[in-house]
Amino acid sequence: MDFTPLKSALESKAYQNIADICDELMLKVSAQGVEFQDEWPYTIHILGHIYVNDVNSARFLWKTIPPVVKDNQPEVAAAWKIGQELWVRNYAGVHEAIRGFNWTSEVKELYTKKMFQLLLSGYSTISVGDTALFLGMNEEDASNYALQRGWTVDSVSRMLTVKKQPIVTEQKLDPSKLQRLTEYVFHLEH
């Protein structure tokens, strides 16, 4: 089985593409009638869905995994434990699930960064306690983590003020496309 596209995505740290690559490879292999269950990277596949916040797809993937794989590969069960906690929105439980298995520090840091980005996009102010809950840290570490990234803390109310990142937008419309669109609209009007 050729996992070259998956390996390339992992090496280039294009984690947002992993779930799609795995889904496509699985469909291709299934269509060929090849037995793949024993060597399939279920852990990476589940974590790929979790990375793009598609817990529902991770759940359905879990249901298709043969019981023998679930029993013989503890990292698959550990990945799904993270998915289960996300499914019920128990973010403290997510961190417990991450700590409950010997994941690499990169996996732990990836989740922390992802949660921090969600906090950054979803809040203008948030309590230190809630930040600690989402980041899986104690309050002091969470406060320091946020302060290192430019947030400010009000020591009286124990609230963190989020430092919004500047929004960078790329214009993907070149002048020739705009000209063609203008001509098309003009043609429709006359």
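Residues numbered from 1 in each chain as written. Predicted model: local features only at pLDDT ≥ 70, side-chain atom pairs only at ≥ 80, totals over all residues. Heavy atoms only, no water.

## A word on the pattern of salt bridges
- Scanning all chains against the criterion turns up two salt bridges.
- Across the salt bridge formed by E85 and K81, the nearest N and O atoms sit 3.1 Å from each other. Of this pair, E85 and K81 both sit in helix α6 (residues 74-87), four residues apart, roughly one helical turn.
- Taking the relative accessible area as the measure of exposure, K81 reaches 37% and is therefore partly exposed.
- Between R158 and E139 there is a salt bridge, and its shortest N-O distance comes to 3.3 Å. (Salt bridge = Lys/Arg side-chain N within 4 Å of Asp/Glu carboxyl O. Helix = DSSP H or I, 4+ residues; strand = E, 2+ residues; numbered from the N terminus. Buried < 20%, exposed > 50% of the residue type's maximum accessible area, 1.4 Å probe, protein only.)

## Re the domain arrangement of the chain
- Here the chain is partitioned into domain 1 (1-101) and domain 2 (104-189).
- Distance between the C-alpha centres of domain 1 and domain 2: 26 Å.
- Taken together, the contact between domain 1 and domain 2 spans eleven residues of the former and ten residues of the latter.
- For the pair domain 1 and domain 2, the two sides together bury roughly 1100 Å², of which 70% comes from carbon and sulfur. (Domains from an automatic or database assignment. Contact = heavy atoms within 4.5 Å. Buried area = accessible area lost by both parts, 1.4 Å probe.)

## Notes on the packing of aromatic side chains
- Evaluation of the coordinates by the stated rule reveals nine aromatic pairs.
- Pairing F116 with W151 gives two aromatic rings, centres 4.7 Å apart and planes at 25°, and the pair type is stacked. Here F116, found in helix α8 (residues 105-122), pairs with W151, found in the loop between α10 (139-148) and β2 (152-154); they are 35 residues apart in sequence, far enough to count as distant. You'll find F116 and W151 in the same group, each marked buried.
- By the ring-pair criterion, three or more aromatic residues cluster together here, those being F3, F36 and W40. (Phe/Tyr/Trp six-rings, centres within 6.5 Å; stacked < 30°, edge-to-face > 60°.)

## Some points on the side chain of H45
- Considering the arrangement of structural elements, one finds H45 in helix α3 (residues 42-51).
- Only 3.1 Å separates the side chain of H45 from the side chain of W40, close enough to count as a polar contact.
- The residues contacting H45, other than those within four sequence positions of it, are A19, C22, D23, M26, W40 and L61. (Polar contact = N/O pair within 3.5 Å; in protein donor to acceptor, adjacent residues only side chain to side chain.)

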